[in-house]
Amino acid sequence: MTASFHGNGRLVLGLVLIVSTVALGGCLTQADYSTSVGEPTNGTVIRNVSVYDVNELDGARYELDHRLDDDETNYSLKTYERTNGTDEIVKISSLTGHEPTYKNDLAPPQDRGDERTYRLVVVRSDTGATVDAITITIKRN
């Protein structure tokens, strides 16, 4: 009976290894995507944006360097995805002057040849006024 159990255990282990290899072998990496980052609308808050990694599991990871002159004012970063010519909000995060770099990720396109365009908008929380914005485009090669 013990020999039979070990034989089945090896079979299960072999199946797990095959499934893991196939699943991980199909993952898309940085080379499967291209990205472009536009210029800030006025550059008063957004200093730099860089997409430093894109993959199927983690999405397009980016850093947004900013400078907020007024530590007393609350700011939000609103992330919109442009779909069929319309910007739809996908996330709202808060920004503070104490943390000059904001990191997050965006969903990459799934199908070859498709692209997704995101607009990151810095907004004063008290007035709702847009103070700066930038566009990130991710294309699946």
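Quick notes on the rules
Residues numbered from 1 in each chain as written. Predicted model: local features only at pLDDT ≥ 70, side-chain atom pairs only at ≥ 80, totals over all residues. Heavy atoms only, no water. Helix = DSSP H or I, 4+ residues; strand = E, 2+ residues; numbered from the N terminus. Buried < 20%, exposed > 50% of the residue type's maximum accessible area, 1.4 Å probe, protein only. Areas by Shrake-Rupley, 256 points an atom, 1.4 Å probe, with all protein chains shown as cover. Polar contact = N/O pair within 3.5 Å; in protein donor to acceptor, adjacent residues only side chain to side chain. Contact = heavy atoms within 4.5 Å. Pairing = 2+ DSSP bridges. Axes fitted to C-alpha atoms, helices over the stretch in contact; angles between N-to-C directions. Core = buried A, V, L, I, M, F, W, Y, C linked by side-chain atoms within 4.5 Å. pLDDT = per-residue confidence, 0-100. Salt bridge = Lys/Arg side-chain N within 4 Å of Asp/Glu carboxyl O.

**As for the overall build of the protein chain**
- Of the regular secondary structure elements, the protein chain holds one helix and eight strands.
- Moving toward the C terminus, one meets the helices and strands of the protein chain in the order α-β-β-β-β-β-β-β-β.
- Burial status across the protein chain gives 30% buried among its 141 residues.
- Surface accessibility of the protein chain: about 8700 Å² in total, with carbon and sulfur atoms responsible for 51%.

**Observations regarding the side chain of His66**
- With respect to the secondary-structure elements, His66 resides in strand S3 (residues 59–66).
- Among the polar contacts listed, one links the side chain of His66 to the backbone oxygen of Glu99, at a separation of 2.9 Å.
- When sequence neighbours within four positions are dropped, the list of residues in contact with His66 reads Val45, Ile46, Arg47, Leu95, Thr96, Glu99, Pro100, Thr101 and Tyr102.

**What to know about the sheet that holds strand S4 (residues 75–83)**
- The strand order across the open sheet built from five strands is S1-S8-S7-S4-S5, with neighbouring strands paired in antiparallel fashion. Either end of the sheet is taken by a strand with one partner, and the two such strands are strand S1 (33–37) and strand S5 (86–95). Within this sheet the neighbouring strands show an average axis-to-axis angle of 20°, counted without direction.
- Here S1 runs beside strand S8 (residues 130–140); their pairing, made up of five bridges, is antiparallel. Looking across to S8, one finds that Thr35 is bridged to Ile138.

**As for the nonpolar core**
- Core analysis: the biggest nonpolar cluster contains 23 residues, and Tyr62, Leu64, Leu77, Val122, Ile136 and Ile138 have the highest contact counts within it.
- Of all elements in the fold, only strand S2 (46–55), S3, S4, strand S6 (101–106), strand S7 (115–124) and S8 reach the threshold of two or more residues within this core.

**Description of the pairing of S6**
- In S6, alternate side chains face the same way, and those of Tyr102, Asn104 and Leu106 are buried while those of Thr101, Lys103 and Asp105 on the opposite face are not.
- In the sheet, S3 pairs with S6 via six bridges, with the strands oriented antiparallel. Pairing of Leu64 across the sheet is with Tyr102, part of S6.

**Examining the confidence of the model for the protein chain**
- Looking at the protein chain as a whole, the pLDDT averages 84, with 80% of positions reaching at least 70.
- Contacts from residues 11–24, a stretch scored under 50 in pLDDT, to residues over four places away or in other chains number zero contacts.

**Some words on the pattern of salt bridges**
- Scanning all chains against the criterion turns up six salt bridges.
- Between Glu63 and Lys103 there is a salt bridge; the shortest N-O distance is 3.4 Å. Here Glu63 is found in strand S3, whereas its partner Lys103 is found in strand S6, with 40 residues between them in sequence.
- Take Glu63: its relative accessible area is 22%, and that puts it in the partly exposed class.
- Of the charged contacts, one joins Arg82 and Asp87 as a salt bridge, the two residues approaching to 3.0 Å between their closest N and O atoms.
- When its relative accessible area of 37% is taken as the criterion, Arg82 is described as partly exposed.

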